[in-house]
Amino acid sequence: MKITYGFKSAKNMLAIAYLVAGTCLAVTASAQQTSPTGLAYDLHTQSAVPIPPSERALQTVVAEPWFKVSKEGLILEGAIFDRSGNLLFCDVSGRRVLRLTPDRQLSSIVTLDALSPGGLALHKDGRIFIAALDIPNGRGAIFAVNQDGSGLQTIVAPTASYMPNDLVFDARGGFYFSDFKGTATEPKGGIYYVAPDLSTIKPVLPNLAMANGVALSPDGKSLWATEFGRNLLHRIELADATIIAPIGSAIAYHFTGPAPDSMRADADGNVYVAIYGQGRVMVFNRNGIPIGQVLLPGRDDGHNLASTSLAIHPSRNDLYAVTSDMDKGQGATVFHAKVFAKGLPPALSR
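Residue numbering note: each chain is counted from 1, following its sequence as written. The predicted origin of the model limits local features to residues at a pLDDT of at least 70 and limits the giving and counting of side-chain atom pairs to 80 or more, whereas totals for whole chains, interfaces and linings rest on all residues. Working from all heavy atoms in the structure, the side-chain values ignore hydrogens and water.

Chemist: Before we move on, could you go through the overall build of the protein and cite the residues and values that matter?
Modeler: Working definition: helices are DSSP H or I runs of at least four residues, strands are E runs of at least two. Numbering for both runs from the N terminus. A tally of helices and strands in the protein yields one helix and 25 strands. The burial tally for the protein puts 52% of its 350 residues in the buried class. In this analysis, two residues are considered to be in contact whenever any of their non-hydrogen atoms come within 4.5 Å of each other. Within the protein, residue pairs in contact and separated by at least 24 positions form 49% of the contacts whose partners lie at least 6 positions apart. Working note: accessible area of the protein is about 16,200 Å², and carbon and sulfur atoms make up 56% of it. Buried means the residue's accessible area, taken with a 1.4 Å probe over protein chains only, is under 20% of the maximum for its type, while exposed means over 50%, and partly exposed covers the values in between. Exposure was quantified through the Shrake-Rupley algorithm and a 1.4 Å probe, taking into account, for residues, occlusion by the shown protein chains and nothing else.

This is how it looks when you write it as structure tokens:
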């Protein structure tokens, strides 16, 4: 049996469709108007740093205090582990590189004269490489020092006109570093590669706005970078140390609010990004998809928000995040949380 509809019937059906659509829009608009007297803070928005709606359903853990570095609001940065299981990190405010032993004994390794250390990586020969900068004066350098603080050597001189912020070694013995130059509207920074001979520097990812964190996947084929000035996470597939593979460059994530800082990869290829100004760490899988987050205590009340860096223990799934409460009274602290996987070997410091 063949059924046909006349012109009038079709018009009636179209009118009904418009009526249904209009009703749905009205119901939706009504449902959104939950506060007839005006906007009001709720459980999600009353925090000093509300988590964006798209990130609220992520698997979440709250870190616990592990070590109080100072009662003063020192800015901490550059957390890594050495081969003895010591946690190394920077006191940016005091221009020091610090060592915290497994039994929580704190000591100073080296103090720099004019530049503030911000990023650390461990060379395969055991030396500590230090990315240091002077943000007000737009200059920086990269140094190497022995574990006992002796033999300070300049690897990238201030005259090279970079502002090194963080660094990571590859399996060849070369390293990538982030250049923190530029602004959101003038992207003058980038990611650069220093060859294993430590004398040749080549650009890998130019035109970034205050390039900050940098990390490598366990196989060394994926390079990650954060753009502090434009709230971006970059995922780069490498054809070799300095060449991006065809269709290998992508922006994996766009953050909301302040601001992606340092990052680390774990043995599963997940990437952990410290969010400066939010008191948390976001976790992405090897494809750049968010899969979890670590929150620092007190963040909803505006404490411990200067979360700059983290390290993951190379033999355990223990994450240690360094942060400062700045002028809010709770000092500078190392926090601990359990995460998805153990870290990468410290000889590679990825």
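On we go from here.
Chemist: Explain the side chain of Asn285 residue by residue, including any values.
Modeler: Here Asn285 is to be found in the loop between strand S21 (280-284) and strand S22 (290-295). Identification of polar contacts relies on pairs of N or O atoms within 3.5 Å, with a donor-acceptor requirement for protein atoms, meaning one able to donate a hydrogen and the other able to accept it, and with residues adjacent in sequence counted only if both atoms are side-chain atoms. A distance of 2.9 Å separates the side chain of Asn285 from the backbone nitrogen of Asn287, its partner in a polar contact. Not counting residues up to four positions away in its chain, the partners in contact with Asn285 are Trp224, Gly269, Asn270 and Ile291.

Chemist: Run through the sheet that holds strand S7 (residues 116-122), naming residues and quoting values.
Modeler: Between any two strands, at least two bridges found by DSSP are needed for them to pair. Here four strands make up an open sheet; going across it, the order is S7-S8-S9-S10 and the pairing antiparallel. The strands lining the two open edges of the sheet, one partner per strand, are S7 and strand S10 (153-156). Shown here is a sheet whose adjacent strand axes are inclined to one another by a mean of 30°, direction ignored. With seven bridges joining them, strand S8 (residues 128-134) and strand S9 (residues 139-145) adopt antiparallel strand pairing. Looking at the pairing, Ala131 lines up with Ile142 of S9. Angles run from 0 to 180 degrees between N-to-C directions of axes, and those axes are lines fitted to C-alpha atoms, restricted for helices to the stretch in contact.

Chemist: Give me the lowdown on the side chain of His303, citing residues and values where you can.
Modeler: With respect to the helices, strands and loops of the structure, His303 is situated in the loop between S22 and strand S23 (306-312). Once residues lying within four places of it in the same chain are set aside, the contact partners of His303 are Pro297, Gly298, Asp325, Lys328 and Gln330.

Chemist: Could you give me a rundown of the sheet that holds strand S13 (residues 189-194), with the residues and numbers involved?
Modeler: Strand order in the open sheet formed by four strands is S11-S12-S13-S14, with antiparallel pairing between adjacent strands. Pairing within the sheet leaves two strands with one partner each, and these edge strands are strand S11 (164-169) and strand S14 (201-208). On average, each strand axis in the sheet is tilted by 20° relative to the strand beside it, whichever way the strands run. Pairing geometry for S13 and S14, over six bridges, is antiparallel. In the sheet register, Val194 faces S14, and the bridge partner there is Ile201.

Chemist: Break down the pairing of strand S19 (residues 260-265) for me, citing the residues and quoting the values.
Modeler: Within S19, six of the six residues are buried, which leaves it mostly tucked inside the rest of the structure. Following S19, the chain reverses through five residues before pairing antiparallel with strand S20 (residues 271-275); Gly269 in that reversal takes a positive phi of roughly 90°.

Chemist: Hey, could you go over the packing of aromatic side chains for me, with residue numbers and the actual values?
Modeler: Paired rings are identified among Phe, Tyr and Trp, the last through its six-membered ring, by centres lying within 6.5 Å, and are further divided according to the angle between planes into stacked (under 30 degrees), edge-to-face (over 60) and tilted (the rest). For the structure on display, the rule yields 15 aromatic pairs. When the ring of Phe81 is compared with that of Tyr320, the centres are 5.7 Å apart and the planes differ by 70°; the resulting orientation is edge-to-face. Taken together, the residues span a long stretch of sequence, with Phe81 in strand S3 (residues 76-81) and Tyr320 in strand S24 (residues 318-324) at a distance of 239 residues. Classification of Phe81 as buried rests on a relative accessible area of 8%. Exposure remark for Tyr320: the relative accessible area of 5% places this residue in the buried category. Each residue in the set Phe129, Tyr162, Phe169, Phe175, Phe177 and Tyr192 is aromatic and connected to the rest through ring pairs, giving one cluster.

Chemist: Can you lay out the environment of Gly213 for me, pointing to particular residues and giving the numbers?
Modeler: With respect to the element layout, Gly213 can be found in strand S15 (residues 211-216). Taking the C-alpha atoms as reference points, Gly213 and Trp224, eleven residues apart in sequence, are found 7.9 Å from one another. Once residues within four sequence positions are removed from consideration, Gly213 is found in contact with Asp166, Trp224, Ala225, Thr226, Asp261, Ser262 and Met263.

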